[in-house]
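The chain contents come next:
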Amino acid sequence: MAPFVVTVADLLHRPGAHRREQVSGPLDGRGVIGNSVPRDCEVMVDALLEWVCDGILATGTAVAPWRGECRRCLAPVGGELVVEFRELFEQSPREGESYPLRGDHIDLAPLAREAVLCALPLAPLCADDCAGLCPTCGIDLNNGACTCADTPVDPRWAVLDLLRSDLGPS
Ligand SMILES: [Zn+2]
Ligand SMILES: [Zn+2]
């Protein structure tokens with residue numbers, strides 16, 4: 001069974017009716033977040049569901065693990081995302097604005113997927129002061145300095161230096 005499908009029969013057409021729902025399970029990400037949110041990891045949704053405006057309003061948080069690569073040194077980084085949401089489920093959902101209310105149930109998976117996707121760090125760092133990789137030799141500068149800065153980056157510059165000295169002071 002889809003772990004994020006929730007029955008809301010007890011809330012339909014009852015203004016003020018509300019219920020808290022906690023669901024968790026793996027999010028099948030259609031590959032969209034497959035690399036960032038591990039497929040086998042639990043995503044947790046904690047939502048207050050209430051009947052509002054001919055629909056179900058879901059307010060709460062989604063919690064998901066994520067992983068990626070440090071944008072400077074490519075080391076694996078990861079953590080936990082805690083994302084707040086407030087979304088409406090309607091019988092006639094509006095594209096990009098609300099989610100479908102199907103009969104007496106709603107599926108929180110697309111909501112959770114969207115929330116997590118929007119909160120994923122685009123360019124994570126392993127540490128704020130990550131030194132990154134040397135662009136010349138590729139060494140991880142967090143583990144120690146290389147000697148690239150002390151030697152000419154490109155032998156052609158050395159040739160230019162020689163030419164300049166041949167021309168003498170101008
Ligand atoms: Zn790093
Ligand atoms: Zn280097």
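Residues numbered from 1 in each chain as written. Chains lettered and ligands numbered in written order. Predicted model: local features only at pLDDT ≥ 70, side-chain atom pairs only at ≥ 80, totals over all residues. Heavy atoms only, no water.

Participant: Any chance you could explain the overall build of the protein here in plain terms?
Facilitator: The helix and strand tally for the protein stands at two helices and seven strands. Within the protein, the fraction of its 170 residues that count as buried is 33%. Taking as baseline every contact in the protein between residues at least 6 positions apart, the subset at least 24 positions apart corresponds to 52%. Carbon and sulfur atoms form 53% of the exposed surface of the protein, whose accessible area is close to 10800 Å². (Helix = DSSP H or I, 4+ residues; strand = E, 2+ residues; numbered from the N terminus. Buried < 20%, exposed > 50% of the residue type's maximum accessible area, 1.4 Å probe, protein only. Contact = heavy atoms within 4.5 Å. Areas by Shrake-Rupley, 256 points an atom, 1.4 Å probe, with all protein chains shown as cover.)

Participant: In this structure, what is going on with the side chain of Glu21? I would like to understand it.
Facilitator: Tracing the backbone shows Glu21 in strand 2 (residues 18-25). Of note is the side chain of Glu21, whose polar atom sits 2.5 Å from the side chain of Arg19. With near-sequence residues (within four places) excluded, Glu21 lies in contact with Val6, Val45, Asp46, Ala47 and Leu49. (Polar contact = N/O pair within 3.5 Å; in protein donor to acceptor, adjacent residues only side chain to side chain.)

Participant: Quick question: what am I supposed to make of the coordination of the zinc ion (ligand 2) here?
Facilitator: Working reference: metal with six octahedral donors, ideal angles 90 or 180 degrees; metal with four tetrahedral donors, ideal angle 109.5 degrees. The zinc ion (ligand 2) binds to the protein through Cys134 (SG), Cys137 (SG), Cys146 (SG) and Cys148 (SG), with metal-donor distances spanning 2.2 to 2.3 Å. Read N to C, the donor residues that coordinate the zinc ion (ligand 2) are spaced as C-x2-C-x8-C-x1-C. In this structure Cys134 comes out as buried when scored by relative accessible area, which is 6%. (Donors = N, O, S within 2.8 Å, 3.2 Å for Na, K, Ca; no water.)

Participant: Looking at this model, I keep getting lost on the pairing of strand 3 (residues 43-52). Mind explaining?
Facilitator: Residues in a regular strand point their side chains to alternate faces of the sheet. Two strands pair when backbone bridges link them, and strand 2 and strand 3 are joined in this way by eight bridges, in the antiparallel orientation. Residue pairing in the sheet places His18 in a bridge with Glu50 of strand 3. Bridge count between strand 3 and strand 4 (residues 55-69): nine bridges; the pairing is antiparallel. Counted as the bridge partner of Val52 is Gly55 from strand 4. Where strand 3 folds back on strand 4, the antiparallel hairpin that results is connected by two residues, among which Cys53 adopts a positive phi of roughly 50°. (Pairing = 2+ DSSP bridges.)

Participant: Looking at this structure, I do not really get the coordination of the zinc ion (ligand 1). What am I missing?
Facilitator: Protein coordination at the zinc ion (ligand 1) comes from Cys70 (SG), Cys73 (SG), Cys126 (SG) and Cys130 (SG), with a distance range of 2.3 Å. Classification of the site at the zinc ion (ligand 1) rests on its four donor atoms, whose angles at the metal span 107 to 114°, yielding the label tetrahedral. You can call Cys70 buried: its relative accessible area is 1%. Judged by its relative accessible area of 38%, Cys126 falls in the partly exposed class. (Tetrahedral: all angles 85-135°; square planar, octahedral: opposite > 155°, others 65-115°.)

Participant: So what exactly am I meant to see when it comes to helix 1 (residues 109-119) here?
Facilitator: Spacing of three or four residues puts side chains on the same side of an α-helix, whose turn is 3.6 residues. What helix 1 keeps buried is the set Ala109, Leu111, Ala112, Arg113, Ala115 and Val116. Each element contacted by the buried residues of helix 1 is listed here: strand 3, strand 4, strand 5 (76-90), strand 6 (99-100) and strand 7 (105-107).

Participant: Would you take a moment to explain the pairing of strand 4 for this structure?
Facilitator: Direction of pairing for strand 4 relative to strand 5: antiparallel, over a ladder of 15 bridges. Paired with Gly55 across the bridge in strand 5 is Glu90. If you look at the hairpin formed by strand 4 and strand 5, you'll find six residues sitting between the two strands, and Leu74 has a positive phi there, around 70°.

Participant: Can you walk me through the sheet that holds strand 5 in this structure?
Facilitator: Each strand in a sheet pairs with another by means of backbone hydrogen bonds, the pair being arranged parallel or else antiparallel. Sheet architecture is open: five strands sit in the order 2-3-4-5-6, paired in mixed fashion. Both edges of this open sheet fall to strand 2 and strand 6, since each of them pairs with a single strand only. Across the face of the sheet, helix 1 comes into contact with strand 3, strand 4, strand 5 and strand 6 while running at roughly 135° to strand 5. (Axes fitted to C-alpha atoms, helices over the stretch in contact; angles between N-to-C directions.)

Participant: Whenever I open this one, the pattern of salt bridges confuses me. Can you help?
Facilitator: Side-chain pairs of opposite charge can arise whenever the charged atoms involved come near each other. Scanning all chains against the criterion turns up five salt bridges. In this structure, Glu21 and Arg19 form a salt bridge, with 2.5 Å as the shortest nitrogen-oxygen distance. Judged by relative accessible area, which is 19%, Glu21 ranks as buried. Taking the relative accessible area as the measure of exposure, Arg19 reaches 22% and is therefore partly exposed. Two residues, Arg20 and Asp46, come together in a salt bridge whose shortest N-O distance is 2.5 Å. (Salt bridge = Lys/Arg side-chain N within 4 Å of Asp/Glu carboxyl O.)

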